[in-house]
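# Fold and geometry: a report
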Amino acid sequence: MKVLVVHGPNLNLLGRREPDTYGQQTLEEINQMIATEAAQADIEVKFVQSNIEGEMVDAIQQAAQWADAIIINPAAYTHTSVALRDVLAAVDIPAIEVHLSNIYAREEFRHHSFTAAACQGQISGFGAWGYVLALWAARHIVEGESGE
Ligand code: DQA
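Attention in this report is confined to the structure presented alongside it. (Residues numbered from 1 in each chain as written. Predicted model: local features only at pLDDT ≥ 70, side-chain atom pairs only at ≥ 80, totals over all residues. Heavy atoms only, no water.)

Our focus in this paragraph is the overall build of the chain. Check the secondary structure of the chain and you find five helices and five strands. On C-alpha atoms alone, the chain measures out to a radius of gyration of 14 Å, which is about the 15 Å that the 2.2 N^0.38 rule sets for 148 residues. Referenced to the eigenvectors of the C-alpha coordinate spread, the extents of the chain come out at roughly 35 × 30 × 25 Å. Burial status across the chain gives 45% buried among its 148 residues. Contacts spanning at least 24 positions in sequence make up 74% of the contacts within the chain whose residues lie at least 6 apart. Per element, the accessible surface of the chain, about 7,300 Å² overall, is 47% carbon and sulfur. For the chain, the separation between the mean place of its 8 positive charges and that of its 19 negative charges on side chains is 4 Å. (Helix = DSSP H or I, 4+ residues; strand = E, 2+ residues; numbered from the N terminus. Rg over C-alpha atoms; globule rule 2.2 N^0.38 Å. Buried < 20%, exposed > 50% of the residue type's maximum accessible area, 1.4 Å probe, protein only. Contact = heavy atoms within 4.5 Å. Areas by Shrake-Rupley, 256 points an atom, 1.4 Å probe, with all protein chains shown as cover. Lys, Arg positive; Asp, Glu negative; His and termini not counted. Charge placed at Lys NZ, Arg CZ, Asp CG, Glu CD.)

For the rest of this paragraph, the subject is unusual backbone geometry. The phi angle at Glu18 is positive, at roughly 35 degrees, despite the residue not being glycine. Inspection of the secondary structure assignment puts Glu18 in the loop between strand S1 (2-7) and helix H1 (19-22). We classify Glu18 as partly exposed; its relative accessible area is 43%. In this model, Ala75 sits at a positive phi of 50 degrees, which is unusual for a non-glycine residue.

A few words on the environment of Lys2. For Lys2, the location among the structural elements is in strand S1. Ignoring any residue separated from it by four or fewer positions in sequence, one finds Lys2 in contact with Glu44, Trp66, Ala67, Asp68 and Ala69.

Within the structure shown, the criterion is met by zero aromatic pairs. Over the aromatic face of Trp66 sits the side chain of Lys46, whose NZ or CZ is 4.4 Å from the ring centroid. (Phe/Tyr/Trp six-rings, centres within 6.5 Å; stacked < 30°, edge-to-face > 60°. Lys NZ or Arg CZ within 6 Å of the ring centre and 35° of its normal.)

Another aspect to go through is the side chain of Glu97. Looking at where Glu97 falls in the secondary structure, it is placed in strand S4 (residues 95-99). Within the local environment of Glu97, its side chain forms a polar contact with the side chain of Ser113, the two groups lying 3.0 Å apart. Non-local contacts of Glu97, meaning those with residues more than four positions away in its chain, are made with Ile72, Pro74, Thr78, Ser113, Thr115, Ala116, Cys119, Gly121, Gln122 and Ile123. (Polar contact = N/O pair within 3.5 Å; in protein donor to acceptor, adjacent residues only side chain to side chain.)

Printed below as a string of structure tokens:
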């Protein structure tokens, strides 16, 4: 099973970006954690981080050629991007939306996600652990396994 993990804008700053909200781990450390979990579950993962909406759209379009599932933290584009919503709807691959913080416990403008409706589901508020939960969700969706 193959999974694309897409990280949106400013997530390259994790570790030093508002650590009280987003945690102390760098993106590299988070990706390492995801890669370790994925390897144990025999899941192949590729990572993309971009601060540019169009690059994220391109990565998702290309994933249609090879990926079984997408895990995406669209970051600020969650709350603005019709283009990301449309590409997630266009590709025939299940996607899981992840947010480190609980977006519903924050400012009002973060409560609405344009992208979530084009995803299978959303995981919000569990920090980096949310990506591991998303891996299990992806496996369950793609392989119909309980993860046991
Ligand atoms: C975020 C939440 C978004 O509202 C914010 O713009 C981010 C990160 C999260 O992971 O909690 O950049 O997606």
